[in-house]
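This is what each chain is made of:
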Amino acid sequence: NIVLGGKFLASINFGGGTLIGVNTMAYSAYLAKFTSAGAYVWAKAYGSLSGAVSIVALAVDSAGSIYTTGEFYTSANLGSGTLTAYNGYGYSPYLAKYAADSTPQWSVALTGPSSPFATAIATDSSGNVWVTGYFSQTLNIGGGTTLSSFGGQTAFVGKYTGTGAYQWSQTF
């Protein structure tokens, strides 16, 4: 199977009908699945009435579950509840998991005062999910853990279970 994720403005069609954005004045995220031969399976839109949402990276585990990371502005619903940015304003990265049939499983916001960004996501053979990105100042990465910047932009990597529980993190 082929899974795509990204952002679009207003509407997009992957072959199964027109997908309408959640907010036609800001980017909505899309998640689309196709067979290995390229035939349309499904497509979903996620977003926010208060701002933009995007998927910047995704990974698929051995069971077919789909993990995404990206960013949202102010607040967003990625299918499993509303996420809120730091102090309810600005951009925040997120992690989200979807079943192979697109059913939302969970999502978590990574928040900080200086618009942190997630840039990549991966899964491992033990069912864990890894996310990396960068931030300045501080980043609440989950599990009650707040990372501190070395000054300027600081890279991070975080490890989570397949159920979204925070495991550990490191800054660089």
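Some thoughts on the environment of T103
Next, step 1: With respect to the secondary-structure elements, T103 resides in the loop between β10 (91–98) and β11 (104–109).
Next, step 2: In sequence terms T103 and K44 are 59 residues apart; their C-alpha atoms lie 9.8 Å from each other.
Next, step 3: Of note is the side chain of T103, whose polar atom sits 2.7 Å from the side chain of D101.

Regarding the side chain of T171
Next, step 1: In this structure, T171 sits in strand β17 (residues 166–171).
Next, step 2: Its relative accessible area of 16% is what places T171 among the buried residues.
Next, step 3: The residues contacting T171, other than those within four sequence positions of it, are F135, L147, S148, F150, T154, A155 and F156.

A look at the sheet that holds strand β5 (residues 40–46)
Next, step 1: If you trace the 3 strands from one edge of the open sheet to the other, you get β1-β4-β5, paired in antiparallel fashion. Across the chains shown, the open sheet's two edge strands, defined by having one partner strand only, are β1 (2–8) and β5. Between one strand axis and the next, the sheet turns by 15° as a mean value, whatever way the strands run.
Next, step 2: Strand direction decides the pairing type here: strand β4 (residues 28–34) and β5, joined by 6 bridges, are antiparallel. Opposite Y30, over in β5, you have A45 as the bridge partner.

Observations concerning the environment of G47
Next, step 1: Along the chain, the position of G47 falls in the loop between β5 and β6 (53–60).
Next, step 2: Among the residues examined, G47 registers a relative accessible area of 6% and is labelled buried.
Next, step 3: On a C-alpha basis, the gap between G47 and Y89 in space is 15 Å, while along the polypeptide they are 42 residues apart.
Next, step 4: Once residues lying within four places of it in the same chain are set aside, the contact partners of G47 are V22, V53, A76 and N77.

A look at the side chain of S102
Next, step 1: Assignment of secondary structure puts S102 in the loop between β10 and β11.
Next, step 2: Exposure remark for S102: the relative accessible area of 6% places this residue in the buried category.
Next, step 3: Ignoring sequence-local partners within four residues, the contact set of S102 consists of W42, K44 and Y46.

Remarks on the packing of aromatic side chains
Next, step 1: A complete count under the given rule lists 12 aromatic pairs for this structure.
Next, step 2: Considering the side-chain rings of W130 and W168, the 5.4 Å spacing of their centres and the 80° angle between planes classify their relative orientation as edge-to-face. With W130 in strand β13 (residues 129–135) and W168 in strand β17, this residue pair connects regions lying 38 residues apart in the sequence.
Next, step 3: Since its relative accessible area comes to 25%, W130 is described here as partly exposed.
Next, step 4: Grouping aromatic residues by their ring pairs yields a cluster made of F8, F14, Y30, F34 and Y40.
Next, step 5: The positively charged end of K7 is found above the aromatic ring belonging to Y27, 4.4 Å away from the centroid.

Comments concerning the environment of Y98
Next, step 1: Within the secondary structure layout, Y98 lies in strand β10.
Next, step 2: You can call Y98 buried: its relative accessible area is 2%.
Next, step 3: Taking C-alpha positions, Y98 is 12 Å from T69, a pair spaced 29 residues apart along the chain.
Next, step 4: Y98 has contacts with L31, Y46, S65, I66, T68, L78, T103, P104 and Q105, leaving out every residue within four places of it along the chain.

Cut-off values and rules
- Residues numbered from 1 in each chain as written.
- Predicted model: local features only at pLDDT ≥ 70, side-chain atom pairs only at ≥ 80, totals over all residues.
- Heavy atoms only, no water.
- Helix = DSSP H or I, 4+ residues; strand = E, 2+ residues; numbered from the N terminus.
- Polar contact = N/O pair within 3.5 Å; in protein donor to acceptor, adjacent residues only side chain to side chain.
- Buried < 20%, exposed > 50% of the residue type's maximum accessible area, 1.4 Å probe, protein only.
- Contact = heavy atoms within 4.5 Å.
- Pairing = 2+ DSSP bridges.
- Axes fitted to C-alpha atoms, helices over the stretch in contact; angles between N-to-C directions.
- Phe/Tyr/Trp six-rings, centres within 6.5 Å; stacked < 30°, edge-to-face > 60°.
- Lys NZ or Arg CZ within 6 Å of the ring centre and 35° of its normal.

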